[in-house]
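Now for the letters of each chain:
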Amino acid sequence: MILVAAWVVTPASVSAADPFAELDLIRPSRPTAAPQFTVPGLTADRIALRDLRGRVVFLNFWATWCPPCKQEMPSMERLYRRYKDRGFTVLAVSIDTADAATVARFVKSLSLTFPIGLDPKMDVANRYTVRALPSSFLLDRNGYTVAVAMGPREWDGTAARAVIEGLLK
């Protein structure tokens, strides 16, 4: 089965009233079910998206060799720490083809504490049609994609907090 979603790009001119637009997020015309997956975890045997149902999920695809990924990771960590006890999680899926030790060194160097998944063959990234790094997908508590970001963002600013707080309500 092929799922087709229509995406609406909101013009930046409405950014003052719309935190999604301020972050330049792509929003589907209606929420679409996020593809389910299970990946090996860096510190866990496996991470299954279905196990995160009931939480707002910030799903991020990245690589250790990607400078913009490294740029946004500290703000993702701050966002995670701020909301992790309120039903929010970050799941960062590395597409590195190098061994897990390379990913582990990168994660340690940035003191990241959110869950890290491994997708070296890009099976999951391809299911999400990732074409740029970093790429982030915001999923609501029911597992629906409500926004997509291609490229880095400052994830702990006022607009990002407003988006996450809105999804947590």
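You'll find the structure just up there.
Residues numbered from 1 in each chain as written. Predicted model: local features only at pLDDT ≥ 70, side-chain atom pairs only at ≥ 80, totals over all residues. Heavy atoms only, no water.

Engineer: What's the story with the packing of helix α2 (residues 67-83) against helix α5 (residues 158-168) in this structure? I'm lost.
Structural biologist: Two measures define how a pair of helices packs: the angle their axes make with one another and the distance between the axes. In contact at an axis separation of 12 Å, α2 and α5 are set at 35° when each is read in the N-to-C sense. You can see that α2 and α5 cross each other, and the crossing is right-handed. Between α2 and α5, the residues in contact are Leu79, Arg82 and Tyr83 and Arg161, Ile164, Glu165 and Leu168, respectively. When its residues are assigned to classes, the contact of α2 with α5 shows four nonpolar, no polar and three charged. (Axes fitted to C-alpha atoms, helices over the stretch in contact; angles between N-to-C directions. Helix = DSSP H or I, 4+ residues; strand = E, 2+ residues; numbered from the N terminus. Left-handed = near helix turned anticlockwise from the far one by under 90°. Contact = heavy atoms within 4.5 Å. Nonpolar A, V, L, I, M, F, W, Y, C, P; charged D, E, K, R; others polar.)

Engineer: Help me understand the nonpolar core, please; the structure alone is not making it clear to me.
Structural biologist: Proteins that are soluble and globular tend to have nonpolar side chains buried together. Phe61 and Tyr128 are the most contacted members of the largest nonpolar core, which totals 55 residues. If we skip the residues at most four places from it in the chain, Tyr128 touches Ala34, Pro35, Phe37, Leu49, Leu59, Phe61 and Phe137. (Core = buried A, V, L, I, M, F, W, Y, C linked by side-chain atoms within 4.5 Å. Buried < 20%, exposed > 50% of the residue type's maximum accessible area, 1.4 Å probe, protein only.)

Engineer: How should I be thinking about empty space enclosed by the protein in this particular structure?
Structural biologist: By rolling a water-sized probe across the atoms, one finds the places where empty space is left. Taken as a whole and assessed by the stated rule, the structure comprises one cavity of 30 Å³ or more. Taken as a whole, the largest cavity encloses approximately 60 Å³ of empty space. Lining the largest cavity, in full, are Gln36, Leu49, Arg50, Leu52, Arg53, Arg55, Val57, Leu139, Asp140, Arg141 and Gly143. Looking at the lining of the largest cavity residue by residue, the classes come out as four nonpolar, two polar and five charged. (1 Å grid on protein atoms, 1.4 Å probe; cavity = no way out; pocket = protein on both sides within 12 Å on 5 of 7 lines; lining within 4 Å. Points joined across faces, edges and corners; volume = space filled by probe spheres on them.)

Engineer: What am I meant to see in the pairing of strand β9 (residues 135-139) here?
Structural biologist: Put simply, side chains in a regular strand alternate between the two faces of the sheet. For β9, the buried fraction is high: five of the five residues fall into the buried class. Of the two faces of β9, the one carrying Ser135, Phe137 and Leu139 and the one carrying Ser136 and Leu138 are both buried. Looking at chain direction, strand β6 (residues 56-62) and β9 are connected through five bridges and run antiparallel. Across the sheet, Val57 pairs through a bridge with Leu139, a residue of β9. Note: β9 against strand β10 (residues 144-150), five bridges, orientation antiparallel. Within β10, the position partnered with Leu139 by the bridge is Thr145. Remark: four residues form the turn of the hairpin made by β9 and β10, two consecutive strands paired antiparallel; Gly143 in that turn has positive phi of roughly 85°. (Pairing = 2+ DSSP bridges.)

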